[in-house]
Amino acid sequence: LRPCDLQGLWRNELGSNMTLLALDMDGTFSGSYHTAVAATDKQILVSPLQGVLQPPGTKGQQPTFGFTVQWQFADSTTVFVGQCFVDRRGKETLETAWLLREGVPSRRDVWKATSVGTNVFTRLPNKME
Ligand code: BTN
């Protein structure tokens, strides 16, 4: 079984696309996220992400990872954690869970500020987004 490679273009079941760039020496990576949906009516903008892979190198066959998306169009932050799985045919799947924290005007609104969910990403053929 070949190890899972996080680098490349991925799409989830909502139709959101993300590009993950090559791993740094220490197992950190960056990329960009184009969400298909948003909590606000503001125009969606492609937004940067920063992540870490565990174990850091290419040793892990099915590594875990986390990344944070810094939305460019909302006062919210999303963190994803997940694991990359490779099936017998070599098909890779990213199984993730996320927390979305929205900005609220006051502490009285904190109760509704965080949402949680899961996303499954599959690899897209490498072409321009
Ligand atoms: C916002 O509306 O506050 C920013 C965009 C949030 C998009 C969320 S992040 C979790 C879920 N998965 C996606 O691909 N998009 C939504």
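Residues numbered from 1 in each chain as written. Predicted model: local features only at pLDDT ≥ 70, side-chain atom pairs only at ≥ 80, totals over all residues. Heavy atoms only, no water.

A. Quick peek at the site of the ligand. Near the ligand lie 15 residues; those nearest to it are Ser16, Tyr33, Ala39, Ser76 and Asn119. A distance of 2.6 Å is found between an oxygen atom of the ligand and a side-chain nitrogen or oxygen belonging to Ser16. Take Ala39: an N or O atom from its main chain is 2.6 Å from an oxygen atom of the ligand. Expressed as a share of its isolated accessible area of 410 Å², the protein-covered part of the ligand is 97%. (Near = heavy atom within 4 Å. Polar contact = N/O pair within 3.5 Å; in protein donor to acceptor, adjacent residues only side chain to side chain. Areas by Shrake-Rupley, 256 points an atom, 1.4 Å probe, with all protein chains shown as cover.)

B. Representation of the packing of aromatic side chains. For the structure on display, the rule yields 7 aromatic pairs. Summarising the aromatic geometry, the rings of Tyr33 and Trp71 are spaced 5.5 Å apart at their centres and angled 85° between planes, so their arrangement reads as edge-to-face. Of the two residues, Tyr33 is situated in strand β3 (residues 28-34) and Trp71 in the loop between β5 (64-70) and β6 (77-86); the sequence distance between them amounts to 38 residues. Its relative accessible area of 2% is what places Tyr33 among the buried residues. Ring geometry for Phe67 against Phe80: centres 4.8 Å apart, planes inclined by 20°, an arrangement best described as stacked. (Phe/Tyr/Trp six-rings, centres within 6.5 Å; stacked < 30°, edge-to-face > 60°. Helix = DSSP H or I, 4+ residues; strand = E, 2+ residues; numbered from the N terminus. Buried < 20%, exposed > 50% of the residue type's maximum accessible area, 1.4 Å probe, protein only.)

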